[in-house]
Amino acid sequence: MRSPMSPDHPLQQDYEVRFDWAREGLRSIAQGAGVIVVIDAISFTTTVERAVTEGLAVQPFPGKRAEAEAVAAAGGFGAARLAGPRGGDGVTLSPSSVTAANVAAFGADRAVVPSFNGSRLSAAAAGFGVPVLAASLRNRRAVAQWILDHQVALGHRVKVAVVAGGEVRDDDTVRFSVEDLLTSGAVIDALGALGIDACSPEAAAASAAYTGLARATRHLFTASSSGVELRDEGQGADVELAAETDVSTTVPVLVDGVFRLVDPAALA
């Protein structure tokens, strides 16, 4: 029997566009990549896109909410403020909470946002020292265009690691999420439309899942395990926002630990 590969074992290295899941997959496919695309469609990366669109920078917290609350209580976030828990008042992890009025009332221009998967994945991706982009269905074409423009500014192609967060159970194991598969495939499809198309088999399969199911995306988001859970909790508006396709030109880029707008040439 072949020995199992560790998460640190590099995979898909021959391909321009790679795809894997969660922090373990990140460690395998981000090695040698020039750009990392993080996807946690319901809700973290959709919330980040909404926040940056409204002028609010987002600092992804590398731990869980209880840890973030302890840091906030000790004044450890400086001028930044901790976003509230989903379902709370004001700006929270919920994308539908990121309105112009809530951002104006937030009292800071940088929000610290913890999440079970997306924020921790983003913080881990920052350790590779390359641009990290927050992608959703809403901005998938804009993300692809940012990567192409970044390549043009560099004067050469770079390899792209697309990492789906998946859902995380209470015991920290990863659960498959259809919304992150479809969103990852949508980003890979948008990259291919711009000629960034030397895909690994894993990336090609994710893209095929999206292109084959694109017309059913909204239904699949709302009917998925994550979608049903949120709708049962009265958070159906978050699912609806996350299922909107190509409605945003905002590309949040993680620089110095904070997602904000960054020109692709600035990081060349």
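For the structure, check the block above.
So, here's what we can say about the structure. (Residues numbered from 1 in each chain as written. Predicted model: local features only at pLDDT ≥ 70, side-chain atom pairs only at ≥ 80, totals over all residues. Heavy atoms only, no water.)

**Description of the overall build of the chain**
Applied cut-off: Put simply, DSSP marks the helices as runs of H or I at least four residues long and the strands as runs of E at least two long, and each gets a number from the N terminus on. Every radius of gyration here is taken over C-alpha atoms, with the globule rule written as 2.2 Å times N^0.38, N being the number of residues. Note on exposure labels: buried denotes an accessible area under 20% of the residue type's maximum, exposed denotes more than 50%, and partly exposed covers the range between, all computed with a 1.4 Å probe on protein chains only. In this description, accessible areas are obtained by the Shrake-Rupley approach with a 1.4 Å probe, and a residue is regarded as covered only by the protein chains that are shown. We score Asp and Glu as negative and Lys and Arg as positive, and we do not count His or the chain ends. Where a charge lies is defined by one atom per residue type: Lys uses NZ, Arg uses CZ, Asp uses CG and Glu uses CD.
When helices and strands are tallied, the chain shows 11 helices and 11 strands. Taken over C-alpha atoms, the radius of gyration comes to 17 Å for the chain, in line with the 18 Å a tight globule of 268 residues would show. Here the C-alpha coordinates of the chain stretch approximately 45 × 40 × 40 Å along the principal axes. Within the chain, the fraction of its 268 residues that count as buried is 51%. By element, 52% of the accessible surface of the chain is carried by carbon and sulfur atoms, the whole surface being about 11100 Å². Each charge sign in the chain was given a centre, from 22 positive and 31 negative side chains, and these centres are 1 Å apart.

**Brief notes about the layout of surface pockets**
Put simply, the rule is: A cavity here means a set of 1 Å grid points, computed over protein atoms only, where a 1.4 Å probe fits but cannot escape. A pocket is an open set with protein on both sides within 12 Å along at least 5 of 7 lines, and lining residues have an atom within 4 Å of a point. Grid points are joined across faces, edges and corners, and a volume is the space filled by probe spheres set on the points.
If you add up the space inside the largest pocket, you get close to 560 Å³. Listing elements by their share of the lining of the largest pocket, those giving two or more residues are β8 (167–168) and α10 (225–232). It is α10 that provides the largest number of residues to the lining of the largest pocket, a total of three residues.

**Here's the deal with the environment of Leu-182**
Short version of the rule: In this analysis, two residues are considered to be in contact whenever any of their non-hydrogen atoms come within 4.5 Å of each other.
The residue Leu-182 is located in helix α7 (residues 178–193) in this model. We classify Leu-182 as buried; its relative accessible area is 1%. Separated by 141 residues in sequence, Leu-182 and Ala-41 place their C-alpha atoms 9.2 Å apart. Apart from residues no more than four positions distant in its own chain, Leu-182 is found in contact with Ala-209, Tyr-210, Leu-213, Leu-220 and Phe-221.

**Details of the pattern of salt bridges**
Here is the rule: Throughout this description, the term salt bridge denotes a Lys or Arg side-chain nitrogen within 4 Å of a carboxyl oxygen of Asp or Glu.
Tallied over the entire structure, the rule returns 11 salt bridges. Between Asp-238 and Arg-86 there is a salt bridge whose closest N-O contact spans 2.7 Å. Residue Asp-238 is found in helix α11 (residues 236–242), and its partner Arg-86 is found in the loop between β4 (81–82) and α4 (100–104); the two are separated by 152 residues along the sequence. Owing to a relative accessible area of 0%, Asp-238 belongs among the buried residues under this scheme.

**So, helix α6 (residues 140–154)**
Definition in use: Under the convention used throughout, the expected extent of a helix is 1.5 Å for every residue step, that is, one less than its residue count.
With 15 residues, α6 extends 21 Å from end C-alpha to end C-alpha; this agrees with the ideal 21 Å at 1.5 Å per step. On its buried face, α6 sits against β2 (35–39), β6 (132–135), β7 (160–164), α7, α8 (201–213) and β10 (252–255). In the segment just after α6, Gly-155 is the residue with positive phi, at about 85°.

**Some thoughts on the pairing of strand β3 (residues 57–60)**
Rules: By definition, two strands form a pair when at least two bridges between them are found by DSSP.
Neither face of β3 is open: one carries Ala-57 and Gln-59, the other Val-58 and Pro-60, and all of them are buried. The sheet contact formed by β3 and strand β5 (residues 110–113) spans four bridges and is parallel. Within β5, the position partnered with Ala-57 by the bridge is Arg-110.

**Quick word on the nonpolar core**
Note the cut-off: For the purposes of this section, nonpolar cores are sets of buried Ala, Val, Leu, Ile, Met, Phe, Trp, Tyr and Cys residues that join through side-chain atoms within 4.5 Å.
Counting residues in hydrophobic clusters, the biggest one holds 30 residues, and the most contacted among them are Ile-36 and Phe-259. When near neighbours in sequence (up to four residues on either side) are disregarded, Ile-36 contacts Leu-26, Ala-30, Ala-125, Phe-128, Val-130, Pro-131, Val-132, Leu-133, Ala-161 and Val-163. In terms of nonpolar packing, the next biggest core, distinct from the first, is built from 28 residues, Ala-144, Val-162, Ala-164 and Val-187 among them.

**Observations concerning the environment of Ala-74**
Its place among the elements puts Ala-74 in the loop between α3 (65–73) and β4. Taking the C-alpha atoms as reference points, Ala-74 and Gln-13, separated by 61 residues in sequence, lie 43 Å from one another.

**Thoughts on the packing of α6 against α7**
The condition is simple: Axis definition: a line fitted to C-alpha atoms, over the contacting stretch in the case of helices. Angles run 0 to 180 degrees between N-to-C directions. When describing relative orientation, an angle under 35 degrees is termed roughly parallel and one over 145 degrees roughly antiparallel, while 65 to 115 degrees is termed roughly perpendicular and anything else oblique. We call a crossing left-handed when the near helix sits turned anticlockwise from the far one by less than a right angle, and right-handed when that turn is clockwise. Each residue gets one label: Ala, Val, Leu, Ile, Met, Phe, Trp, Tyr, Cys and Pro are nonpolar, Asp, Glu, Lys and Arg are charged, and the others, such as Gly, are polar.
Interhelical geometry of α6 versus α7 gives an angle of 45° and a closest axis separation of 8 Å. Taken together, the axis directions place α6 and α7 in an arrangement best described as oblique. As α6 runs across α7, the sense of the crossing is right-handed. Between α6 and α7, the contacting residues are Arg-140, Arg-141, Val-143, Ala-144 and Ile-147 on the first element and Ala-186, Val-187, Asp-189, Ala-190 and Leu-191 on the second. Looking at the contact of α6 with α7 residue by residue, the class counts come to seven nonpolar, no polar and three charged.

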